[in-house]
Every structure is written in C-alpha cells, then in structure tokens.
Amino acid sequence: MKALRLTSFGGPEAFELCDLPRPVPQAGQVLVRVHATSINPLDYQVRRGDYPDLVPLPAITGHDVSGVVEEVGPGVTAFSPGDEVWYTPQIFDGPGSYAEYHVAAQGIVGKKPSSLSHLEAASLTLVGGTAWEALVVRAALRVGESILVHGGAGGVGHVAIQLARAIGARVFTTVRQANFEFARSLGADVLIDYEKEDYVDAVLRETGGRGVDVVFDTIGGDTLSRSPDALAQLGRVVSIVDIARPQNLVQAWGKNASYHFVFTRQNRGKLDELSALIERGQLRPHVGAVYSLADIPLAHARLESPNNGVRGKIAIEVGPSVS
C-alpha cells in the first residue's frame, strides 16, 4: 500500500511517500480501505516533534478516516466488508491514517452518514468528537445559555458553532471580518472581529455586563487568563490547546469558574451522536481545500501558515473514490 511516513521530526519535508505491506486485522479489528483523511493542528504538532516520547519513528501519522471495510478479523460482529465507515484512529497508539489502508478496533468505528461524502466525513471525525466532548460532556452546555467560541471559522470552531446552535445556546464567536458571513451561516449570533475589537469588551457589551456561560478555547495564547473577564458567574472554560506557558487564573476565583482541558477520546458513541445531528440537518462539515496523499506536506505547510485562507478543514483524497 502507499503510505506517507514520518521519518524524522521537523518541517513538512520530513515525510516520505513509500510502499508498505497492507496491515492484517486481528481479533476484534476491521481493515479499512481509506478513501479520505484530513489535516488537524494535532497533525503538524506531532510532525514537528511536540510529542516525541509518544510517537516512535518512523511512523504513519494522521487522525481521521473515512473509507470502506475491506476485511474483518475474528469476533467482529458490527461490520461487514463493503460497509462505509468513519472514525478517528487511537491517538498515540499505533499507525495513523496517512495510508491507503488502516486497521482499527471495531469499538471506535462508526457507520459513515450516508449524506456525507468521504471527504466531508473525514473532515469531521476528530474535530466533531472534540467539539462534542468539550461542549456536551465537559461544559454541559444547556439550552438558553451563551457560549463564546474562539476561532469560529476553523476546524473545531466551525463545528462547535453548529453544535452549540443545535443545543439551543446563544453563540458568540471570534473571526476575521472576511469570515463573518461564513460564521453567520453556521448559526453564530454575535460576530466579533478580533483584529478590530477586544473580545472581552464585545462580550460584556452584548450581554449587558453579565458575560457568557461558557468560553471554548481553540486558539491558546492568553485565552485562559482572559476568559474569566468574559465569563458570567459559575461560568465554564473548556480548552483544547496545550498550555505553552504558566498563566495567572486568579480572576477565575472571583467568578467561581471551572476549567476543563480536553484531549478527546475515541469511541463510537460520539460518532453516532454526530450522525444524528447530520441526519437532522443541524451539522455539516465544511471542506475548505482538498489535497492528495502525496501532497500532504503542502497541506501541512498551508494549515501552519498564518492567514491561510482555509475555512473549516483541509481534506485529503486517499482512495480511488471520495463520493
């Protein structure tokens, strides 16, 4: 099979396209012909060496799969050859999705929503599962509450806006003015151009000084330390970003705030919940660009670039068909 292998930590040039043996499913596993994958910030963080002790080299990386079951191992009852499936491979536990075939435990695999193409489905598995765990499991966002989604035009952010809207929350988001219409089409109620206005000032103005119930941090920086200024009493902050440096959270004490840090876990249940939203027309991933397996280094370079112009996700066409 063709695979893109990471041979050393560094820039996008650290990948090499090679031929490797096709994996064989063991008990409880399915072999999937990968039709599409996608690019996430986690992908370039792994590539540049942010987690060297967790990624033995050489390695096949990648964290999204949409494809078709090719073969099942002993004991598999949930799937049969020919089933269209989607999932996120176990993170830091075996080969990833930058290859024509992938083996996964049946417990993390879901049936692909029929209304999504493989490119769309592969653009949603990791970011969708992350948004679900952040907003539903950790923040316990409820109907009638308010949420500030940082980076609403990005991969996780554009899904979080739709999920929050489906829950029945009032959605604030930070985006560039060029992305206002895109964010509004996703269901955002209040659009904040972070290049022109301080988001804390905007939130307090729009809420009459009360603040929002939840802040969802997808960008890092000083978001953790500044979030209490935008929070209502008993507010919650959920972050999916590594803490690059210590931050003073004393302001959170005065708000009785709670903080949650999410490194998403893989399971079929979240995929099934996302599928239900898709079937009801409440969720749709946005594919902002498409590259081939061989051009994944270019996709990495683009996603890492500031002001890269990508709305939603960068998808990767791997297999013979992405319909």
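Residues numbered from 1 in each chain as written. Predicted model: local features only at pLDDT ≥ 70, side-chain atom pairs only at ≥ 80, totals over all residues. Heavy atoms only, no water.

1. Details of helix α3 (residues 125-138)
Next up, step 1: Compared with the 20 Å implied by 1.5 Å per residue over 14 residues, the 18 Å span of α3 between its first and last C-alpha is a close match.
Next up, step 2: Among the 14 residues that make up α3, eleven are buried, leaving the element largely enclosed by the rest of the structure.
Next up, step 3: For α3, every residue scored as buried is listed here: T125, L126, V127, G128, G129, T130, A131, W132, E133, A134 and L135. (Helix = DSSP H or I, 4+ residues; strand = E, 2+ residues; numbered from the N terminus. Expected span 1.5 Å × (residues − 1). Buried < 20%, exposed > 50% of the residue type's maximum accessible area, 1.4 Å probe, protein only.)

2. What about the layout of surface pockets?
Next up, step 1: If you add up the space inside the second largest pocket, you get close to 250 Å³.
Next up, step 2: Along the walls of the second largest pocket sit 19 residues, with G94, P95, H102, V103 and A104 positioned nearest its centre.
Next up, step 3: The element that contributes the greatest number of residues to the lining of the second largest pocket is strand β6 (residues 101-105), accounting for five residues.
Next up, step 4: Taken together, the residues of the lining of the second largest pocket sort by class into 13 nonpolar, five polar and one charged. (1 Å grid on protein atoms, 1.4 Å probe; cavity = no way out; pocket = protein on both sides within 12 Å on 5 of 7 lines; lining within 4 Å. Points joined across faces, edges and corners; volume = space filled by probe spheres on them. Nonpolar A, V, L, I, M, F, W, Y, C, P; charged D, E, K, R; others polar.)

3. Describing the packing of helix α1 (residues 41-48) against helix α10 (residues 296-304)
Next up, step 1: Packing of α1 against α10 leaves a shortest axis separation of 10 Å and a crossing angle of 105°. As the angle between them shows, α1 and α10 are arranged roughly perpendicular. On α10, the residues that touch P41, D43, Y44, R47 and R48 of α1 are H300, L303 and E304.
Next up, step 2: A breakdown of the residues in the contact of α1 with α10 according to their chemical character gives three nonpolar, one polar and four charged. (Axes fitted to C-alpha atoms, helices over the stretch in contact; angles between N-to-C directions. Parallel < 35°, antiparallel > 145°, perpendicular 65-115°, else oblique. Contact = heavy atoms within 4.5 Å.)

4. Focus on the pattern of salt bridges
Next up, step 1: This model, assessed by the stated rule, comprises 21 salt bridges.
Next up, step 2: With a shortest N-O distance of 2.8 Å, E133 and R265 are connected by a salt bridge. With E133 in helix α3 and R265 in the loop between β13 (258-261) and α9 (268-279), the pair connects residues that are 132 residues apart, well separated along the chain.
Next up, step 3: Residue classification places E133 among the buried positions, given a relative accessible area of 2%. (Salt bridge = Lys/Arg side-chain N within 4 Å of Asp/Glu carboxyl O.)

5. Concerning helix α6 (residues 199-206)
Next up, step 1: Listing the buried residues of α6 in full gives Y199, V200, A202 and V203. End-on, the buried residues of α6 take up no more than an arc of 165°, which puts them together on one face.
Next up, step 2: On its buried face, α6 sits against β8 (146-150), β9 (170-175), β10 (190-193), β11 (212-217) and α7 (223-230).
Next up, step 3: Measuring from the side-chain oxygen of the N-cap residue of α6 to the backbone nitrogen of V200 gives 2.9 Å; that N-cap residue is D198.
Next up, step 4: Positive phi shows up at G208, right after α6, with a value of about 65°. (Arc of directions from axis to C-beta. Polar contact = N/O pair within 3.5 Å; in protein donor to acceptor, adjacent residues only side chain to side chain.)

6. Points about the nonpolar core
Next up, step 1: In terms of nonpolar packing, the biggest core is built from 76 residues, with Y87, L135, I147, F216 and I314 touching the most fellow members.
Next up, step 2: The greatest single-element share of this core, amounting to six residues, is contributed by helix α4 (residues 155-167).
Next up, step 3: Apart from the residues within four sequence positions on either side, I314 is in contact with S38, I39, A289, Y291, A299, R302 and L303.
Next up, step 4: Judged by nonpolar contacts, the second largest core, of 16 residues, contains I192, V200, L231 and V237. (Core = buried A, V, L, I, M, F, W, Y, C linked by side-chain atoms within 4.5 Å.)

7. Looking at unusual backbone geometry
Next up, step 1: Here the bond from L57 into P58 is cis, since omega is -5°, no more than 30 degrees from zero.
Next up, step 2: Among the structural elements, P58 can be located in the loop between α1 and β4 (65-72).
Next up, step 3: The phi dihedral of F92 is positive, around 60°, even though this residue is not glycine.
Next up, step 4: The topology assignment puts F92 in the loop between β5 (84-87) and β6.
Next up, step 5: Positive phi, close to 55°, is recorded for N307, a residue that is not glycine.
Next up, step 6: Along the polypeptide, N307 turns up in the loop between α10 and β15 (313-317).

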